[in-house]
Amino acid sequence: TSVCVVCAGAKSILDLPKTLEFLETQGVCVAGFRTDDFPAFFTPKSGLPVSCRLDSPAAAADLLHCHEALGVSSGVVLAVPVQDDLAAEAASIEEATRRAVEESVAQGVKGNEVTP
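Please read these numbers as outputs of a predicted model, since none were measured by experiment.

About the cut-offs
Residues numbered from 1 in each chain as written. Predicted model: local features only at pLDDT ≥ 70, side-chain atom pairs only at ≥ 80, totals over all residues. Heavy atoms only, no water. Helix = DSSP H or I, 4+ residues; strand = E, 2+ residues; numbered from the N terminus. Expected span 1.5 Å × (residues − 1). Pairing = 2+ DSSP bridges. Axes fitted to C-alpha atoms, helices over the stretch in contact; angles between N-to-C directions. Salt bridge = Lys/Arg side-chain N within 4 Å of Asp/Glu carboxyl O. Buried < 20%, exposed > 50% of the residue type's maximum accessible area, 1.4 Å probe, protein only.

K.L.:
Mind showing me how you'd approach helix α2 (residues 57-69) here?
P.N.:
Spacing of three or four residues puts side chains on the same side of an α-helix, whose turn is 3.6 residues. In this model, α2 (13 residues) spans 18 Å end to end at C-alpha, consistent with the 18 Å of a helix rising 1.5 Å per residue. Following α2 by one or two positions, G71 adopts a phi angle in the positive range, close to 75 degrees.

Below you can see the structure in the form of structure tokens.
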């Protein structure tokens, strides 16, 4: 079933390059809303490109209409970056994520328990 997921990016704890690669292999269009850079959930930029950029709600609607008209069975991710004034500082998020991963490994936490 075709679906559109609107989000601020993937969970910070995920490997974003691998996540985007997986979405690509599944035929999922990853569009950026007013951005060329895939957002990293707490921060507006990850340094990774999106498949396409959409600069208006009308452009997003057009993409979804074309997606449906073509009969594409995969979904669309519409990545909307967090506002700059609400964004976290990227280095502090990366450090907190690194520490959380180390702690989960030390405690034997695995699989979906790592990213509830």
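K.L.:
Looking at this structure, how should I read the sheet that holds strand β1 (residues 4-7)?
P.N.:
Strand order in the open sheet formed by 4 strands is β1-β4-β2-β3, with parallel pairing between adjacent strands. The sheet terminates laterally at β1 and β3 (52-54), the two strands that pair on one side only. Pairs of neighbouring strands in the sheet enclose a mean axial angle of 25 degrees, with direction left out of account. Bridge count for strand β2 (residues 29-33) against strand β4 (residues 76-79) is 4 bridges, and the pairing is parallel. Bridge pairing links C29 to V76 in β4.

K.L.:
In this structure, what is going on with the pattern of salt bridges? I would like to understand it.
P.N.:
Charged atoms that come close allow side chains of opposite charge to pair. As enumerated under the stated definition, the model contains 2 salt bridges in all. A salt bridge links D36 to R53; its shortest N-O distance comes to 3.2 Å. Of this pair, D36 sits in the loop between β2 and β3 while R53 sits in strand β3, and the two are 17 residues apart along the sequence. With relative accessibility at 48%, the residue D36 sits in the partly exposed group. Between D55 and R53 there is a salt bridge, with the nearest N and O atoms lying 2.7 Å from each other. A relative accessible area of 38% places R53 in the partly exposed class. What you see here is one network of salt bridges that share partners, running through D36, R53 and D55.

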